[in-house]
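# Close look at the chain arrangement
Below, each chain spelled out in residue letters.
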Amino acid sequence: MALLNILHYPDPRLHTRAKPVAQVDDRIRTLIADMGETMYAAHGIGLAATQVNVHERLVVIDLSEEKNQLQVFINPTIIARSDEQAIGEEGCLSVPLVYDNVSRATQVTVQALDGNGKPFTLEADGLLAVCLQHELDHLEGKVFVEYLSALKQNRIRTKLKKLEKRTM
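Here goes a summary of the coordinates provided. (Residues numbered from 1 in each chain as written. Predicted model: local features only at pLDDT ≥ 70, side-chain atom pairs only at ≥ 80, totals over all residues. Heavy atoms only, no water.)

Glancing now at helix H1 (residues 26-41). Between its first and last C-alpha, H1 extends 22 Å over 16 residues, near the 22 Å set by a 1.5 Å rise per residue. When we look at burial in H1, the residues that qualify are Ile-28, Leu-31, Ile-32, Asp-34, Met-35, Gly-36, Thr-38 and Met-39. Structurally, H1 contributes buried residues whose contacts are with strand E1 (46-48), strand E2 (58-61) and strand E3 (71-81). Regarding H1, its N-cap is Asp-25, as a side-chain oxygen of that residue lies 3.2 Å from the backbone nitrogen of Arg-27 further along. Residue His-43 follows H1 closely and has a positive phi angle near 60°. (Helix = DSSP H or I, 4+ residues; strand = E, 2+ residues; numbered from the N terminus. Expected span 1.5 Å × (residues − 1). Buried < 20%, exposed > 50% of the residue type's maximum accessible area, 1.4 Å probe, protein only. Contact = heavy atoms within 4.5 Å. Polar contact = N/O pair within 3.5 Å; in protein donor to acceptor, adjacent residues only side chain to side chain.)

In the structure shown here, the tally under the stated rule is 1 aromatic pair. Between Phe-73 and Phe-120 the ring centres are 5.7 Å apart and the planes differ by 50°, which places this aromatic pair in the tilted class. One end of the pair, Phe-73, is in strand E3; the other, Phe-120, is in strand E7 (residues 119-125), and 47 residues separate them in sequence. The ring of Tyr-147 has Lys-142 sitting right over it, with the charged end atom 3.9 Å from the ring centre. (Phe/Tyr/Trp six-rings, centres within 6.5 Å; stacked < 30°, edge-to-face > 60°. Lys NZ or Arg CZ within 6 Å of the ring centre and 35° of its normal.)

So this is what it looks like as structure tokens:
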């Protein structure tokens, strides 16, 4: 397993639409393991392949306290979402140290393949529903800050550029 480099906003590669995974093979299983390791090392709860510059429809999520329940979503699609919305604070491994409120559907139904290529359907609510919507946005080339005002987006870009200069 290997730690992967996480792209940081406003990197234009984060705006690339991911293509479907053609085949669940050893390459994809290695990518799943590497993405899980990368997410855990960065103290995240979700990671889309787009964030590690792999533009295929793959997401890993782990909401467990013990960080031992990795959920894999290959070629995920939201097939239903509730009309009810809730506003909650979100953060992102690609937008370090930035948190803001985003409105999301409170419930979603997702179809995907698991890490073995087996299809499944999952109904999710609460944090899992939010996380799925957030990560699937990445697969469409969208970062959560794009739900915010232009003023907030500019402030975030400025903050991240200053942070990047300090770490160089």
